[in-house]
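Residue-level listing of the chains:
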Amino acid sequence: MAGSKYVYVKRFEMPDSLLPGTFTVVRIDGHGFHRFSTEHSFTRPNDERALKLMDQAAQSVMEEYSDIILAFGQSDEYSFLLRKDTKLHNRRHSKILSLLLSLFTSSYTFYWSKYFHEVELKYPPSFDARIVLYPSAKEVRDYFAWRQVDTHINNLYNTAFWALVQQGGESTTQAHALLKGTQSAQKHELLFSRFGINYNHIDVRFRKGSVLVREVQTHSTPGQSMYLTAATASPGSCDSASDNVPAVGAANVASREIRGVTGRREKVIRSVRVRHDDIVGNTFWEARPELLEG
Ligand code: GTP
Ligand code: MG
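The protein carries the name tRNA(His) guanylyltransferase in an unreviewed UniProt entry, which gives Neolentinus lepideus HHB14362 ss-1 as its organism. Its UniProt record, at the heading Function (unreviewed entry), says of the protein: "Adds a GMP to the 5'-end of tRNA(His) after transcription and RNase P cleavage." The UniProt entry for the protein carries the following comment under Catalytic activity (unreviewed entry): "a 5'-end ribonucleotide-tRNA(His) + GTP + ATP + H2O = a 5'-end phospho-guanosine-ribonucleotide-tRNA(His) + AMP + 2 diphosphate + H(+)".

Next comes the structure, spelled out in structure tokens:
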């Protein structure tokens, strides 16, 4: 079909494909979440409901797009790693960015009441997003280490800050002044000596953020299941399966039947799991060499 005389305007649309042979990281960040968290009375310093909702939104995205092999989230942000050789939407930058961002945002609002129950969503939240390309596995490791170290730095500061205000009766100005220039060890010491808080005993979700990976699970008989990847053999923490509700439209929760060693029929399900592992050290990555292949 020839089209109208106006069709020439389409030629102004420029190709925007992502550089081949590079790792793609998409980072999504809540827009104005300082205000959003205040308006919705998030608990300080960490609101478990809000963090679980972020995990749920990220899980929806990961279940929809099987080329996402890893995600990491903390506070109001989530990062997604795509397979190095992804062909998703012909590697079109704007297509990938806008689809992931819109599904994340719609999932955040879709699942709001599941985590916040009677708390009314006062206005529609929005998120910004960017794509960063990394040339090799080293930069990918360093990128995720950067985000998790950031989680630690922020959480240690916020934990000490809000302990001073909520339990110590300090004003926010006094708390800022008390913490100014302190090293990590001094914040640990302050938490322990003044408030009896052992920072290392704080919920691992708050200290490490959330790591989403795909894991293989077999079901041999109803009610029995086993996770099979190396991930289970490595130290770390993993949320219960009930926390890990498959998202609506979870097209990529692959499932197939095999014969187990006992001859019994077994169902193999590859699903997204929320974990709270350390991703700065080597253990996590050595257990999952496929993440950095390409
Ligand atoms: P832009 O991203 O630049 O739009 O700013 P922002 O207001 O979203 O701030 P930023 O992304 O730098 O930081 C996220 C903010 O979200 C934090 O500073 C907190 O105010 C808020 N926030 C995120 N998670 C929590 C939480 O669990 N509890 C509380 N109370 N606040 C949170
Ligand atoms: Mg933000």
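Text resumes after the structure shown.
Comments concerning the packing of aromatic side chains
Under the counting rule described, the total for this entry stands at 24 aromatic pairs. For the ring pair Phe33 and Tyr108, a centre distance of 6.0 Å and an interplane angle of 70° mean the geometry is edge-to-face. Of this pair, Phe33 sits in helix α1 (residues 33-39) while Tyr108 sits in helix α3 (residues 93-110), and the two are 75 residues apart along the sequence. For the pair Phe33 and Tyr108, a shared accessibility class is recorded, and that class is buried. Where Tyr134 meets Tyr143, the ring centres are 5.6 Å apart and the plane angle is 40°; that geometry is what we call tilted. The ring centre of Tyr123 lies 4.3 Å from the NZ or CZ of Arg35, which sits over that ring. Cation over ring: Arg147 sits above Trp146, and NZ or CZ is 4.1 Å from the ring centre.

Considerations on unusual backbone geometry
The omega torsion of the bond from Arg44 to Pro45 falls at 0°, within 30 degrees of zero and hence cis. Assignment of secondary structure puts Pro45 in the loop between α1 and α2 (48-64). Positive phi values are uncommon outside glycine, yet Asn90 reaches one of about 50°. Checked against the element boundaries, Asn90 lands in the loop between β3 (77-82) and α3. Residue Asn90 is classed as exposed on the basis of its relative accessible area, which comes to 63%. Despite not being glycine, His117 shows a phi value in the positive range, around 45°. Its location among the elements puts His117 in the loop between α4 (112-116) and β4 (127-134). Here His117 falls in the exposed class, since its relative accessible area comes to 55%.

Considering the coordination of the magnesium ion (ligand 2)
Only Asp29 (OD), Gly30 (O) and Asp76 (OD) from the protein coordinate the magnesium ion (ligand 2), and they sit 2.1 Å from it. Every donor counted, the 6 donor atoms about the magnesium ion (ligand 2) form angles of 79 to 176° at the centre, which fits octahedral coordination. Binding-site remark: the magnesium ion (ligand 2) is held by donors from one chain whose sequence spacing is D-G-x45-D. With Asp29 in strand β1 (residues 23-30) and Asp76 in the loop between β2 (68-74) and β3, this pair connects stretches of sequence that are 47 residues apart. You can call Asp76 buried: its relative accessible area is 15%.

Examining the packing of helix α5 (residues 137-166) against helix α7 (residues 184-195)
Direction vectors running N to C along α5 and α7 enclose 35°, while the axes themselves pass 10 Å from each other. The handedness of the crossing between α5 and α7 is left-handed. On α7, the residues that touch His152, Leu156, Tyr157, Thr159, Ala160, Ala163 and Leu164 of α5 are Ser184, Lys187, His188, Leu190, Leu191, Arg194 and Phe195. For the contact of α5 with α7, a count of residues per class yields 8 nonpolar, 4 polar and 2 charged.

Remarks on the packing of α2 against α3
Two measures define how a pair of helices packs: the angle their axes make with one another and the distance between the axes. At a minimum axis distance of 8 Å, the contact between α2 and α3 shows a crossing angle of 135°. Taken together, the axes of α2 and α3 lie oblique to each other. Crossing handedness for the pair α2 and α3: right-handed. Counted together, Leu53, Met54, Ala57, Ala58, Ser60, Val61 and Glu64 of α2 and Leu100, Leu103, Phe104, Ser107 and Tyr108 of α3 form the full contact between these two elements. Residue composition of the contact of α2 with α3, by class: 9 nonpolar, 2 polar and 1 charged.

Comments concerning the site of ligand 1
The full set close to ligand 1 counts 15 residues, and Asp29, Gly32, Phe33, His34 and Asp47 are the nearest of them. Separating an oxygen atom of ligand 1 from a backbone N or O atom of Gly30 is a distance of 3.0 Å. His34 places a main-chain nitrogen or oxygen 2.9 Å from an oxygen atom of ligand 1. Isolated, ligand 1 exposes 640 Å² of accessible area, and the fraction of that covered by the protein chains is 66%. The set of elements that each furnish at least two residues to the shell around ligand 1 consists of β1 and α1. If one sorts the elements of the shell around ligand 1 by residue count, α1 sits on top with 3 residues.

Conventions used here
- Residues numbered from 1 in each chain as written.
- Chains lettered and ligands numbered in written order.
- Predicted model: local features only at pLDDT ≥ 70, side-chain atom pairs only at ≥ 80, totals over all residues.
- Heavy atoms only, no water.
- UniProt positions renumbered as here; feature names shortened; annotations may be inferred.
- Phe/Tyr/Trp six-rings, centres within 6.5 Å; stacked < 30°, edge-to-face > 60°.
- Helix = DSSP H or I, 4+ residues; strand = E, 2+ residues; numbered from the N terminus.
- Buried < 20%, exposed > 50% of the residue type's maximum accessible area, 1.4 Å probe, protein only.
- Lys NZ or Arg CZ within 6 Å of the ring centre and 35° of its normal.
- Donors = N, O, S within 2.8 Å, 3.2 Å for Na, K, Ca; no water.
- Tetrahedral: all angles 85-135°; square planar, octahedral: opposite > 155°, others 65-115°.
- Axes fitted to C-alpha atoms, helices over the stretch in contact; angles between N-to-C directions.
- Left-handed = near helix turned anticlockwise from the far one by under 90°.
- Contact = heavy atoms within 4.5 Å.
- Nonpolar A, V, L, I, M, F, W, Y, C, P; charged D, E, K, R; others polar.
- Parallel < 35°, antiparallel > 145°, perpendicular 65-115°, else oblique.
- Near = heavy atom within 4 Å.
- Polar contact = N/O pair within 3.5 Å; in protein donor to acceptor, adjacent residues only side chain to side chain.
- Areas by Shrake-Rupley, 256 points an atom, 1.4 Å probe, with all protein chains shown as cover.

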